[in-house]
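These are the residues of each chain, in order.
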Amino acid sequence: MDIPFVKLHGLKNSYIFVDLFQFQLEEEMLAPLAIDIADRNTGIGSDGLILIHPSETCDVGMRIFNLDGSEAMNCGNGLRCVAKYAFENNLVDADTFTIQTKAGQVEAQVHGTRKHVHEVTVDMGAPILQRELIPMLGEEGQQVADEAFDAGEEQLRVTAVSMGNPHAVFFVDNIDNAPLYTAGPVITNDSRFPEGVNVEFIEMVSEKEMHFRVWERGSGVTQACGTGACAAVVAAILNKKSPYGEEVTVHLSGGDLFIRWEKDGSVWMRGAAEKTVSGTFHWEHGA
Ligand SMILES: N[C@H](CCC[C@H](N)C(=O)O)C(=O)O
């Protein structure tokens, strides 16, 4: 079958987008399609697949699938790309609109014109901090902030935050020495996280600036992770390394995101979204 797609990225965290307003896919196709279309050798190449779909509760809907075909509940960089695509393709009437995710709904505001949106601000809603809702094993009802967490030879300290998807945040003295490739793949599958976890390493530059690296659940090391950047700033504030209510600059491998967490309120994410290419993917389903 020939599948129309658009490739977009948020700070080089790229996804292949299929617009279900125009093209239909069967549910059982989605995971194998994500694996095939994201393959850098035999597919288009990306960090996963994102579906833009009609929604009964919001202006548009988004579903995201990782490289390994697993479906995630949320995707920050993907949301900015969905917002850009929806506005530029007249799927929405105004420059501010709602997007349905499996984690709930968010509100996006695009910056730019119908011809070209260059930046998007998203109200990501409130973080989820109760251990059992991350989910992470251990005493229920508690937050997980600066808790001892040994992984292999690494003696680390974890702060766990969900943005609809789970994140384990670790503060290190030097981001270049972070055990991203050694501890990342171990922690992402650690049994203390029954649904797996996205793994972030953070080096604080100042209270309003940090370096960020990520091993993503289901995709491995990516150039950026929007929900991860949100989780990192929440973790910094919980650990009194950053202030509530002020924009923190997060330096990811692929570029900068600007994140603020309003006390007792939402996490706001602002950053770029760019289109790379559109075309048709010829897919022999089941081949
Ligand atoms: N890259 C995405 C996160 C994907 C999350 C996915 N790896 C999972 O939660 O399983 C972002 O910009 O938020």
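Each value, and the rule that gives it
- Residues numbered from 1 in each chain as written.
- Predicted model: local features only at pLDDT ≥ 70, side-chain atom pairs only at ≥ 80, totals over all residues.
- Heavy atoms only, no water.
- Helix = DSSP H or I, 4+ residues; strand = E, 2+ residues; numbered from the N terminus.
- Rg over C-alpha atoms; globule rule 2.2 N^0.38 Å.
- Buried < 20%, exposed > 50% of the residue type's maximum accessible area, 1.4 Å probe, protein only.
- Contact = heavy atoms within 4.5 Å.
- Lys, Arg positive; Asp, Glu negative; His and termini not counted.
- Charge placed at Lys NZ, Arg CZ, Asp CG, Glu CD.
- Pairing = 2+ DSSP bridges.
- UniProt positions renumbered as here; feature names shortened; annotations may be inferred.
- Salt bridge = Lys/Arg side-chain N within 4 Å of Asp/Glu carboxyl O.

A. View of the overall build of the protein chain. When its secondary structure is counted, the protein chain shows four helices and 18 strands. Taking 287 residues into account, the globule formula puts the C-alpha radius of gyration at 19 Å, and the protein chain, at 18 Å, falls close to it. If one aligns the C-alpha atoms of the protein chain with their principal axes, the spans along those axes are about 50 × 40 × 35 Å. Within the protein chain, the fraction of its 287 residues that count as buried is 56%. Long-range pairs, those at least 24 residues apart, make up 60% of the contacts in the protein chain with a sequence separation of at least 6. Within the protein chain, one finds 21 positive and 42 negative side-chain charges whose respective centroids are separated by 5 Å.

B. Representation of the pairing of strand β4 (residues 60-66) within the structure. Of all seven residues making up β4, seven are buried, and the element is well covered by its neighbours. Residue alternation in β4 divides its side chains into two sets, Val 60, Met 62, Ile 64 and Asn 66 and Gly 61, Arg 63 and Phe 65, and both sets are buried. Taken together, the six bridges between strand β3 (residues 48-53) and β4 define a ladder with antiparallel strand orientation. Its bridge partner lying in β4, Gly 48 is registered against Asn 66. Between β3 and β4, which pair antiparallel and follow one another directly, the connecting turn spans six residues. With two bridges joining them, β4 and strand β6 (residues 96-101) adopt parallel strand pairing. Each bridged residue has a counterpart across the sheet, and for Val 60 the counterpart in β6 is Ile 99. Note: β4 against strand β5 (residues 71-72), two bridges, orientation antiparallel.

C. Region of the structure containing the UniProt feature "binding site: substrate" (unreviewed entry) in the protein chain. The UniProt entry lists Asn 13, Asn 66, Gly 76, Asn 77, Asn 165, Asn 198, Glu 216, Arg 217, Gly 226 and Thr 227 under the feature "binding site: substrate" (unreviewed entry), expressed in the numbering used here. Structurally, Gly 226 can be placed in helix α4 (residues 226-238). Residues within four places of Gly 226 in sequence aside, it is in contact with Gly 76, Asn 77, Leu 257 and Met 269.

D. The arrangement of the pattern of salt bridges in detail. What the rule picks out here adds up to 11 salt bridges. One salt bridge connects Arg 192 with Asp 190, and the closest N-O pair in it is separated by 2.8 Å. Under the relative-accessibility criterion, Arg 192 is labelled partly exposed at 28%. On the basis of relative accessibility, which here comes to 11%, the residue Asp 190 falls in the buried class.

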